[in-house]
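Architecture and fold: a report
Residue strings, one per chain:
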Amino acid sequence: MVQKKTDELNKKSLKRLLRTIRLSEGVFSLILAHCNYAGLRGQILEQIRSSSSADIQEICLPDSVETIYTFIQAELNDTSPDALMVLGLEAVRAIDDVLLATNHVREEFRKNFPFPVILWVNDRVLEQFGEIAPDFKSWAGTSVRFELGDDELLDALQGNADDLFDEFLTKENKKEPRFLANLSYGQEFDAFLKDSEERELASEPKLKADLQFLQGYHGQNNGQIDSAAAFYEASLSFWKERDDRERQGVLHHAIAGCC
């Protein structure tokens, strides 16, 4: 049921986004596209490219960017597209400073960018916008949200856990995420935890054990050693009941790493 509702929501959001771009051509407008998962965002971008004949350019901010406005200016080099997509905000290192600078020069956007600007944001960036750049954020006449359905989230949970077990065994990292939610990335994992809790996704014992394994991994990477070990132990209890020696070995190794 949630999957169907999510699909309908995404279709409506895409339709609204395309309509706003079409109606805003030739004048500045700010659109916030809210999406927590890069894989889903990539799907939506492909649909935008195939559904619109407008000249919609895409710019990805480097993590070292200092100001959004000057970076866009340099990238466009005096050209004027029908619309501009700005990606990469979630990875910007000095995000607070960048948003503060954006708030200060917000009038320059209106004066010099006669086209709609679509900023892609996740939960974290959207919250920071409201705190640090409230004046600029208030210009967003349109805000659209794209979400993953239950099936896609469950696929990501099991797939990311399987990949992580494989990495422990082979010591080889997966080059490309195979799922719409990359749960090795902290911000996407935080969003997944929120979504999974709200939808009660990890109610089955195996799914709960997979989630605990991932929680242990993220806790260990963030220096939360005690909680990481507790999550690993909880996951280990399930695999002991299943008599899965391979996964028990991985979890014993992970717990040893915490010690």
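Notes on the structure follow.

Calculation criteria
Residues numbered from 1 in each chain as written. Predicted model: local features only at pLDDT ≥ 70, side-chain atom pairs only at ≥ 80, totals over all residues. Heavy atoms only, no water. Phe/Tyr/Trp six-rings, centres within 6.5 Å; stacked < 30°, edge-to-face > 60°. Buried < 20%, exposed > 50% of the residue type's maximum accessible area, 1.4 Å probe, protein only. Helix = DSSP H or I, 4+ residues; strand = E, 2+ residues; numbered from the N terminus. Lys NZ or Arg CZ within 6 Å of the ring centre and 35° of its normal. Expected span 1.5 Å × (residues − 1). Arc of directions from axis to C-beta. Contact = heavy atoms within 4.5 Å. Pairing = 2+ DSSP bridges. Axes fitted to C-alpha atoms, helices over the stretch in contact; angles between N-to-C directions. Core = buried A, V, L, I, M, F, W, Y, C linked by side-chain atoms within 4.5 Å. Right-handed = clockwise from strand over helix to strand, strands pointing away. Patch = residues over 30% accessible without salt bridge, like charges linked within 9 Å, V, L, I, M, F, W, Y side chains within 5 Å. Areas by Shrake-Rupley, 256 points an atom, 1.4 Å probe, with all protein chains shown as cover. Salt bridge = Lys/Arg side-chain N within 4 Å of Asp/Glu carboxyl O. Lys, Arg positive; Asp, Glu negative; His and termini not counted. Charge placed at Lys NZ, Arg CZ, Asp CG, Glu CD.

Within the structure shown, the criterion is met by 15 aromatic pairs. When the centroid spacing of 5.6 Å and the interplanar angle of 25 degrees are considered together, the rings of F113 and F115 count as stacked. In terms of burial, F113 and F115 fall into one category: buried. Between the aromatic rings of F165 and F213, the centroid separation amounts to 4.0 Å while the plane-to-plane angle is 20 degrees, which identifies the pairing as stacked. Remark: F213 occurs in helix α10 (residues 205-221) and F165 occurs in helix α8 (residues 150-170); sequence separation between them is 48 residues. Of the two residues, F165 and F213, neither departs from the other in class, the shared state being buried. Feature note: the residues F28, Y69, F109, F113, F115, F129, F136 and W139 constitute an aromatic cluster, connected by ring pairs. Taking the ring centre of W139 as reference, the NZ or CZ of R110 above it sits at 3.9 Å.

Turning our attention to helix α12 (residues 245-258). Look at α12: 20 Å from first C-alpha to last across 14 residues, which is about the 20 Å you get at 1.5 Å a residue. Three or more residues of α12 are buried, namely R247, Q248, V250, L251, A254, I255 and C258. Relative to the axis of α12, the buried residues are bounded by an arc of 160 degrees and lie together on one face. Of the residues in α12, the exposed ones pointing more than 90 degrees away from the buried face are R245, E246, A256 and G257.

Our focus in this paragraph is the side chain of S13. By the secondary structure assignment, S13 is in helix α1 (residues 2-23). Of the residues examined, S13 reaches a relative accessible area of 7% and is grouped as buried. When residues no more than four places from it in sequence are discounted, the contact partners of S13 are V144, R145 and F146.

Helical geometry: 3.6 residues make up each α-helical turn, so side chains three or four residues apart lie on a common side. Taking 1.5 Å per residue, 17 residues should reach 24 Å; α10 reaches 24 Å between its end C-alpha atoms and fits that length. On its buried face, α10 is in contact with α8, α9 (186-199), α11 (225-241) and α12. G223 sits one or two residues past α10 and shows a positive phi near 80 degrees.

Another point: the sheet that holds strand β3 (residues 83-87). As summarised here, the arrangement of the five strands in space is β2-β3-β4-β1-β5, forming an open sheet in which the pairing is parallel. The strands lining the two open edges of the sheet, one partner per strand, are β2 (56-60) and β5 (140-146). For this sheet, the mean inter-axis angle between neighbouring strands, taken without regard to orientation, is 20 degrees. In this structure, β3 lies alongside strand β4 (residues 116-121), joined through three bridges in parallel fashion. What sits directly across from L84, in β4, is V117.

Moving on to the nonpolar core. If you look at the biggest cluster of nonpolar residues, it comprises 54 residues, and the most contacted ones within it are L17, I48, M85, I118, W120 and F146. It is α8 that provides the largest number of residues to this core, a total of seven residues. Not counting chain neighbours up to four residues away, the residues in contact with I118 comprise L17, I21, I31, A33, A83, L84, M85 and V86. In terms of nonpolar packing, the next biggest core, distinct from the first, is built from 30 residues, V86, V98, F115 and L119 among them.

Note: β2 against β3, five bridges, orientation parallel. Paired with I59 across the bridge in β3 is V86. For the crossover from β2 across helix α3 (residues 68-76) to β3, the handedness is right-handed.

Turning our eyes to something else, we now look at a positive patch on the surface. Together, K15, R16, R19 and R22 give the surface a local cluster of positive charge. By the secondary structure assignment, R19 is in helix α1.

Attention shifts here to the side chain of Q215. Residue position: Q215 is located in helix α10. When residues no more than four places from it in sequence are discounted, the contact partners of Q215 are F189, L193 and F231.

A separate point is the pattern of salt bridges. A full pass over the atoms with the stated rule returns 16 salt bridges. Close ionic contact of E107 with R110 constitutes a salt bridge, the shortest N to O distance being 4.0 Å. With a gap of three residues between them, E107 and R110 both fall in helix α5 (residues 106-112), about one helical turn apart. A relative accessible area of 44% places R110 in the partly exposed class. One salt bridge in this structure joins R247 and D162, with 2.8 Å as the shortest N-O distance. Of this pair, R247 sits in helix α12 while D162 sits in helix α8, and the two are 85 residues apart along the sequence.

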